[in-house]
Amino acid sequence: MQPTLVAVAHGSRDPRALPAVLALLDRVRELRPRLDVELGHVELNRPLLGDTLRHTSGAAVLVPLLLGRGHHVKRDLPAAAARATHLETRVAAPLGPHPLLVEALYERLLEAGWTPGAGPGGPGNRGTGCDRGPAVVLAAAGSRDPDSAADTRRTAALLSERLGGAPVVPAYASAAAPTVPDAVRALTARGHHRVAVASYFTAPGRFAAQSAAAAPGPAAAPLGDHPALARLVLRRYDEALARQQTPLTSPTPLKLATA
């Protein structure tokens, strides 16, 4: 019997967040119908992760629906797994950075009205030469953990490549600098007068809404149930199981899968 995939979402007071996460997990189940897929939240929404683990038996892989190596991934999830002494557990890597995540970001930008290939002097740029072409702010939640910031910067670099070299600047809704409005102003000052905001959030919430409100141009929707994100959830699950090609171990000691 395959270990249960326990998807771990952060949780949000935004009423749109839970339906978005449930829609994503429906896509995961469609891709692998025989796999038991459950949901647990770090906070704010039910079911909480601890409750989900208490009702899970056998073995489980915790897959964070989180986008970088912050406090929740490094501390909260391993601690929750360790408390579930009746389970054999592993904690998978966060979703980002990864090319599948970048593909979802790219397509959300297209849906919002981003025009690819509109660099300086290109077919999408009819300005007078003062406009250096479009640019993107990658709006993330933010963390004081330097690894989380490094993951966001790496995703920004990958997204820039996917956008044909358009500048992509990481910015944050909390805990780190620059803020999204500051990043927009900095790009504008550098001559980028068409700035879009890419939403580096799994689901709708306060930070995603604040970031979108700062966009002077297209504001992409959160990643939500994008098909590439569903494939990435399963990729992280499989990677955690394949790590060192050894059987699942008891939750003490617990190892965190890396990207």
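Residues numbered from 1 in each chain as written. Predicted model: local features only at pLDDT ≥ 70, side-chain atom pairs only at ≥ 80, totals over all residues. Heavy atoms only, no water.

## Some details on the packing of helix α1 (residues 17-31) against helix α8 (residues 227-242)
Let me state the cut-off plainly: Lines fitted to C-alpha atoms define the axes, with helix axes restricted to the stretch in contact, and inter-axis angles between N-to-C directions lie between 0 and 180 degrees. The way it works is that DSSP assigns letters per residue, a run of H or I at least four long becomes a helix, a run of E at least two long becomes a strand, and they are numbered from the N terminus. Two helices cross in a left-handed way if the nearer one is turned anticlockwise from the farther one by less than a right angle. They cross in a right-handed way if the turn is clockwise. Pairs of residues are marked as contacts when any of their non-hydrogen atoms sit within 4.5 Å. Each residue is assigned to one of three groups, with Ala, Val, Leu, Ile, Met, Phe, Trp, Tyr, Cys and Pro labelled nonpolar, Asp, Glu, Lys and Arg labelled charged, and all others, Gly among them, labelled polar.
Interaxial distance between α1 and α8 falls to 9 Å at its minimum, and their mutual angle equals 65°. Of the two elements, α1 crosses α8, and the hand of that crossing is right-handed. For the pair formed by α1 and α8, the contact residues are L24, R27, V28 and L31 on the first element and P227, L229, A230, R231, V233 and L234 on the second. In the contact of α1 with α8, the residues fall into 8 nonpolar, no polar and 2 charged.

## Some remarks on the pattern of salt bridges
If charged atoms from side chains of opposite charge come close, those side chains can pair. Formally: Should a side-chain nitrogen of Lys or Arg be within 4 Å of a carboxyl oxygen of Asp or Glu, the pair is scored as a salt bridge. Classification of residues uses two cut-offs on accessible area relative to the type maximum, computed with a 1.4 Å probe and protein chains only: under 20% is buried, over 50% is exposed, and between them is partly exposed.
In total, this model carries 14 salt bridges according to the counting rule given. Across the pair D145 and K74 runs a salt bridge, and its minimum N-O distance is 3.0 Å. Of this pair, D145 sits in the loop between β5 (135-140) and α5 (146-162) while K74 sits in helix α3 (residues 71-83), and the two are 71 residues apart along the sequence. Across the pair D225 and R108 runs a salt bridge, and its minimum N-O distance is 3.8 Å. Placement of D225 in the loop between α7 (206-213) and α8 and of R108 in helix α4 (residues 99-112) is noted, with a sequence separation of 117 residues between them. Taking the relative accessible area as the measure of exposure, R108 reaches 11% and is therefore buried. Where salt bridges share partners, they join R27, R108, E111 and D225 into one cluster.

## Quick look at the packing of α4 against α8
Quick reminder of the rule: Note on terminology: angles under 35 degrees are roughly parallel, angles over 145 are roughly antiparallel, angles of 65 to 115 are roughly perpendicular, and the others are oblique.
The interhelical angle for the contact between α4 and α8, taken along N-to-C directions, is 165°, at an axis separation of 8 Å. Taken together, the axes of α4 and α8 lie roughly antiparallel to each other. The handedness of the crossing between α4 and α8 comes out as left-handed. On the side of α4, the interface is formed by L100, L101 and A104, while α8 contributes A228, L229, R231, L232 and R235. In the contact of α4 with α8, the residues fall into 6 nonpolar, no polar and 2 charged.

## Some remarks on the sheet that holds strand β6 (residues 168-172)
We count it as follows: Following DSSP output, two strands are said to pair if at least two bridges run between them.
Strand order across the open sheet formed by 3 strands is β6-β5-β7, with parallel pairing between neighbours. Both outer strands of the open sheet, β6 and β7 (195-199), are each paired with one neighbouring strand and no more. On average, adjacent strands in this sheet sit at an angle of 30° to one another, irrespective of strand direction. Contacting β5, β6 and β7, α5 crosses the sheet at an angle of about 150° to β6.

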